[in-house]
Amino acid sequence: MDLPQKRKRISYELTNSQTSSREAAPSSSTNGQAGGFVEGSILRITMRNFLTYDHSEVFPGPKLNMIVGANGTGKSSIVCAICLGLAGKTAVLGRGDKVGLYVKRGCSKGSVEIELYRASGNLIITREIQVENNQSTWMLNKKHTSQKAVEEAVKELHIQVGNLCQFLPQEKVGEFAKMSKIELLEATEKSVGPPEMYEFHCELKTFRSKERDLENVCKEKANFLEKARQRNERNKLDVERYYMKKRHLDRIQMLEKKKPWVEYETARKELEGVKKEREEMKKKLKSLKEAQEPLLRKIRSVESQLQPIEQQMKELVSIHHKPDSQESILYFLYYIKIIQDLSLKQTEEADRQKRIGHTQLMIKDLQKELQNMGSMEDVTPQIEAVNAELRKIQEEKAKLEGEMSDLRRDKDEKSSKEIGLQNRQRSLDDMMKVKEDKLRTRFRDTYTALKWLRDNRDRFEGNVYEPMMLVINVRDSRHAKYIESHIPLNDLRAFVFQRQEDMEKFMTEVRDTQRLRVNTVIAPEESCSRRPPSRPLETLKPYGFFSYLRELFDAPEEVMSYLCYQYKVNDVPVGTEKTKSMIEMVIRELQMRMIYTAEEKYTVKKSNYSSNVVSSNSALRPSQFLTMTVDADERRQLEEQLRVQSIDQRMAAIREQQAKLDRRDNELRANKKKLSELKGKKRQLEQKISTKQDRYLPLKANCVQLCCDFLSLHTSFISFSQCKVYLALQSAGLSAEKTKLETDCRDSSAELKRAEVVYTKLDQVKNNLLTTCKTLMRRASEICNMTPGETAVPEELHQAFSQLPDTLDEIDAMLNEEKTRAECFTGLSDVVEEYNRREREIQNMEKELDDKTNALTTYRQNIAEAKERWLNPLKQLVDQINERFSDFFRSMQCAGEVDLHSENEEEYDKYGIRIRVKFRSSTQLHELTPHHQSGGERSVSTMLYLMSLQELNRCPFRVVDEINQGMDPVNERRVFDIVVRTACGVNTSQYFFITPKLLQNLKYAEQMTILCVHNGPYMLPPHKWSEKAFIRRAKRRQIP
């Protein structure tokens, strides 16, 4: 052993029930920085009744502290004291889970006291452990405190006893290699990275998680929004039909509003006509009265002339006749009166005959006009029949319109669906073409035989399948590597036949005739495709297996049967990383011949001679042929769906029916209009003829009466004697003139009376029409919601009324038509309500989507900023670690790399540190795993990685317990040299290296502190130990 003589090296021995002392040991008041201690370094460890110690004190040095002692002396007890004394968890140590178990057996309590260097004053942490209640009492600088306060104080000094990069107990040495890349990165960040690096990483993971959630929310909302839009688009035609119905209902409402106005306007016009007739009749009355006035004056003049003559006649009669001749005079006077009556009757008869002739002429003309219209039956049934047929046509048109809307919607859906099907078919064709291109590139003969088979498939009786790589459909492309690793390439390019004779016929053609090198296989006669596995999958799931090979892909019946028969795909399980982590247990307990883990294939064989189980593993190759999957069933279904007949023919047929109905509708409306006009005109003519006939009958009755009166007067006239005629001639002449005048006056009076009667009737009609107009006005105002007293139609109604018919018949016809149309639209209110509700949802969803998109943009900006703050320093840190790690391995004639690994740059929770090493020049770099490297190789890699962190470490000390176990002597010596050289450097922190053994002739450094543990029943008692005697014996051994 080399012992440099430059300065005395200080060594200490730790014994049971004894406190070790040293001259230069720093106390709680010593300036630690002057002695090379960094902030948080351990100055002193005191243990009482702790594990193997009754009472012991340890004074470590500022650099490398090598604790040496035989197994069971208490080296790891010091490690446990450091962990538990600094508020570490018992799980970190991997020993007992209760803190009371660390008290020496037989004692009720124990304690650990650790003094840490701190520039502002050393920190003394005391932990007293009670066995009875498994509780601890804490003190900081001899003052009672809580465990949380101790944890905060330790954290301020950057001490992380739970970090394997800083604190690696004996029981956790193997755990380091089992750490995942992600865990190793987090431990490295906490150990050597700036304080904010791990915070930035956590912040990035949080941001990324929220970003992923927002992306999912945005995607879900976008999908929901698109589906809502599609649903509304499908319901759009129904909504249009609803609004079409609403337009019909609005038109009906408007027609019902206009109808009273048209009735009012009709009554008002009739009132105006009656008023006009009344005024004319009033003028006529006035003219008749004016025309009658001269006749009255003439009558008065004749009477004034006749009165003296009659007086003279009376006097003559009284003078010249006897009293008994008075009867003759009276008879004469009666005769004169008869003459006058006859004259009046003749005048009335002439006037009556004149009026009868005029009335007969008018009736004859009207009857002639009615006869010219033709002998027509009542057109009302025809009009009703036309209306019924029109309603039927409207119903058929509405039904056809509904069918057309459904067809349009189906066509739109089919068009979009057909586009999707065509795109999917093209995608499948493209994937199939890619697979065929790979087949043509790698196996040209097989591709040539495939083309021949497709052209001559009808020559075979049984099923013939194309090369397996074309018909096998892997359900998940990530699993294709298992299938390709399991099935040989020769079988992947082989044709599969159902019948032996078909295979021989095929081989004769392609191999013998065309000289092509192809492979063929024949399926078993009895199908094996559904053969069950040897053990249920549920029994394998605890080992990490998730499926058998058969469940990872689809293939035709015969192909699957061949693979199950030949390669047992139904009995080969596929596992995960969990399977790999417990592979030894899996091989030992399951005893399966072949298994797959996430990245490796394991083959297990049992020796026929020794019954030993031998396993071999190989890495899985990336898939070359089966990553692109083409589902034959899906492709066949797509072709069948695309062959469905188009609906254009049905739409064309409906359009033709609609055109026929429109033509028939126009014909019926023209016929209805013609019938309505004919019906109105005929009714008017019949009313006029009836009126004239009513006037003609009284005239005929008057004719009979006049004839009777005339006969009576004529008889009287014959019987009348002609006495005294001469005397009365003059009087008769005047009387006749007076009678004529009175007759004319009576005619005039009769006409005046008739005019007065007509005037009275017109006045009564006017009053009735005026009342009717007021009633209609009030009703129209109420229907139109007009204010009382308002007579003018509102402007908005006036504009709407201008587009509607102006006659009652046309309004009634349009009302019937609109009602018929409106009745054809049923069951649409719910659709519109749902459409409007979904429109509101779409608007709200668009707003929410915009908000979420803006929030996502903000998160992405925050991620970009946090990523820049975190990733660049991390890459620099990893590069520094890699540089030191590579140098250490290079100095050992090996190779090692450390890099920052991430499958996806944006998945920050998947970032990790990957350690790759190789210990032989003939191999490649392999990732450090619990299974690929040996135990010694893993220990070397772990130790060198920790040493790579030493100069970068911001933690005050590092503890490594018995990591050299399992190393071969060469690697152990090399690692020891690296540890001494690195841990004793200028800018390094405190280092604890615990080992039960040391190789001879190792190189040491002056900055090292060697702590020898002498403890146990077979060790040299403390009072017999002499350090000087030990050194003298060591020197004598060096002398030759």
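If you check an unreviewed UniProt entry, the chain appears there as Structural maintenance of chromosomes protein 5 from Cyprinus carpio carpio. What UniProt records for the chain under Subunit (unreviewed entry) is the sentence "Forms a heterodimer with smc6. Component of the SMC5-SMC6 complex which consists at least of smc5, smc6, nsmce2, nsmce1 and nsmce4a." Comment text from UniProt for the chain, heading Sequence similarities (unreviewed entry), reads "Belongs to the SMC family. SMC5 subfamily."

> Can you lay out the overall build of the chain for me, pointing to particular residues and giving the numbers?
Looking only at helices and strands, the chain features 25 helices and 25 strands. With 1040 residues in all, the chain has 42% of them scored as buried. In the chain, once contacts between residues fewer than 6 apart in sequence are set aside, the share between residues at least 24 apart is 75%. When the accessible surface of the chain is split by element, carbon and sulfur atoms take 49% of a total near 58,400 Å².

> Which residues make up the sheet that holds strand 22 (residues 926–927), and what are the values?
With antiparallel pairing, three strands are arranged side by side in an open sheet as 20-21-22. The open sheet terminates on both sides in strands that have one partner only, identified here as strand 20 (895–901) and strand 22. Where strand 21 (residues 912–918) lies against strand 22, two bridges are found, and the strand directions are antiparallel. Looking at the pairing, Val 917 lines up with His 926 of strand 22.

> An account of the packing of helix 9 (residues 444–455) against helix 13 (residues 500–513) is requested, with residue identities and associated values reported.
Following both chains from N to C, one finds helix 9 and helix 13 inclined at 130°, their axes separated by 11 Å at the closest point. When the axes of helix 9 and helix 13 are compared, the pair comes out oblique. Read as a crossing pair, helix 9 and helix 13 show a hand that is right-handed. Taken together, the residues of helix 13 that come into contact with helix 9 (itself represented by Ala 449, Trp 452 and Leu 453) are Phe 506, Glu 509 and Val 510.

> Talk me through the side chain of Thr 46; I want residue IDs and the actual numbers.
Structurally, Thr 46 can be placed in strand 2 (residues 42–50). The class for Thr 46 is buried, based on a relative accessible area of 2%. With sequence-adjacent residues up to four places away left out, Thr 46 is seen in contact with His 55, Ser 56, Glu 57, Ser 111, Val 112 and Glu 113.

> Hey, could you go over the side chain of His 479 for me, with residue numbers and the actual values?
With respect to the helices and strands, His 479 occurs in the loop between strand 11 (473–474) and helix 11 (480–486). His 479 has contacts with Val 474, Phe 546 and Leu 552, leaving out every residue within four places of it along the chain.

> Explain helix 24 (residues 969–983) residue by residue, including any values.
Over its 15 residues, helix 24 extends 21 Å from the first C-alpha to the last, a length consistent with the 21 Å expected when each residue adds 1.5 Å. Inspection of helix 24 places Asn 971, Glu 972, Val 975, Phe 976, Ile 978, Val 979, Val 980, Thr 982 and Ala 983 among the buried residues, and these make up the whole buried set.

> Explain the sheet that holds strand 10 (residues 464–465) to me, and be specific about the residues and the numbers.
Taken in spatial order, the three strands line up as 10-12-13 in an open sheet, and their pairing is mixed. The sheet terminates laterally at strand 10 and strand 13 (520–522), the two strands that pair on one side only. Relative to strand 13, strand 12 (residues 495–497) runs parallel, the two being bridged by three bridges. Along strand 13, the bridge assignment pairs Phe 495 with Thr 520.

> Outline unusual backbone geometry, supporting the account with residue identities and numerical values.
With phi around 55°, Asn 141 is a residue other than glycine that occupies positive phi space. Within the secondary structure layout, Asn 141 lies in the loop between strand 7 (135–140) and strand 8 (143–145). The phi torsion at Lys 568 lies on the positive side, around 50°, for a residue other than glycine. Take Lys 568: it is sitting in the loop between helix 14 (557–567) and strand 16 (573–574).

> Any chance you could break down the pairing of strand 23 (residues 957–961) for me, citing the residues and the numbers?
Sheet faces and side chains relate simply in a regular strand, where the side chains alternate between the two faces. Burial analysis of strand 23 places five of its five residues in the buried class, which makes it a mostly covered element. Side chains of strand 23 alternate between two faces, with Phe 957, Val 959 and Asp 961 and Arg 958 and Val 960 buried alike. Of the pairings in the sheet, the one linking strand 9 (residues 167–168) to strand 23 comprises two bridges and is parallel in character. Along strand 23, the bridge assignment pairs Phe 167 with Val 959. Examined bridge by bridge, strand 23 and strand 24 (residues 990–995) share five bridges and lie parallel to one another. Of the residues in strand 24, the one forming a bridge with Val 960 is Phe 993.

> Outline the packing of aromatic side chains, supporting the account with residue identities and numerical values.
In this structure the tally under the stated criterion is 13 aromatic pairs. For the pair Phe 50 and Tyr 102, a centre-to-centre distance of 6.5 Å together with 20° between the ring planes defines the contact as stacked. Taken as a pair, Phe 50 in strand 2 and Tyr 102 in the loop between helix 2 (90–93) and strand 5 (109–116) lie far apart in primary sequence, 52 residues in all. Both residues of the pair, Phe 50 and Tyr 102, belong to the buried class. An aromatic cluster is present here, built from Trp 452, Phe 460, Phe 495, Phe 497 and Phe 506 joined pairwise through their rings. Here Arg 440 stacks its cationic end above the ring of Tyr 447, 5.4 Å away from the centre of that ring.

> A description of the pattern of salt bridges should follow, citing residues and the corresponding values.
Following the criterion strictly, the structure yields 31 salt bridges and no others. Of the charged contacts, one joins Arg 454 and Glu 466 as a salt bridge, the two residues approaching to 2.9 Å between their closest N and O atoms. Pair noted here: Arg 454 is in helix 9 and Glu 466 is in the loop between strand 10 and helix 10 (468–471), with a separation of 12 residues, a long-range link. Take Arg 454: its relative accessible area is 36%, and that puts it in the partly exposed class. One continuous salt-bridge network, built from bridges that share partners, spans Arg 44, Glu 57, Glu 113, Glu 115 and Lys 142.

Conventions adopted
Residues numbered from 1 in each chain as written. Predicted model: local features only at pLDDT ≥ 70, side-chain atom pairs only at ≥ 80, totals over all residues. Heavy atoms only, no water. UniProt positions renumbered as here; feature names shortened; annotations may be inferred. Helix = DSSP H or I, 4+ residues; strand = E, 2+ residues; numbered from the N terminus. Buried < 20%, exposed > 50% of the residue type's maximum accessible area, 1.4 Å probe, protein only. Contact = heavy atoms within 4.5 Å. Areas by Shrake-Rupley, 256 points an atom, 1.4 Å probe, with all protein chains shown as cover. Pairing = 2+ DSSP bridges. Axes fitted to C-alpha atoms, helices over the stretch in contact; angles between N-to-C directions. Parallel < 35°, antiparallel > 145°, perpendicular 65-115°, else oblique. Left-handed = near helix turned anticlockwise from the far one by under 90°. Expected span 1.5 Å × (residues − 1). Phe/Tyr/Trp six-rings, centres within 6.5 Å; stacked < 30°, edge-to-face > 60°. Lys NZ or Arg CZ within 6 Å of the ring centre and 35° of its normal. Salt bridge = Lys/Arg side-chain N within 4 Å of Asp/Glu carboxyl O.

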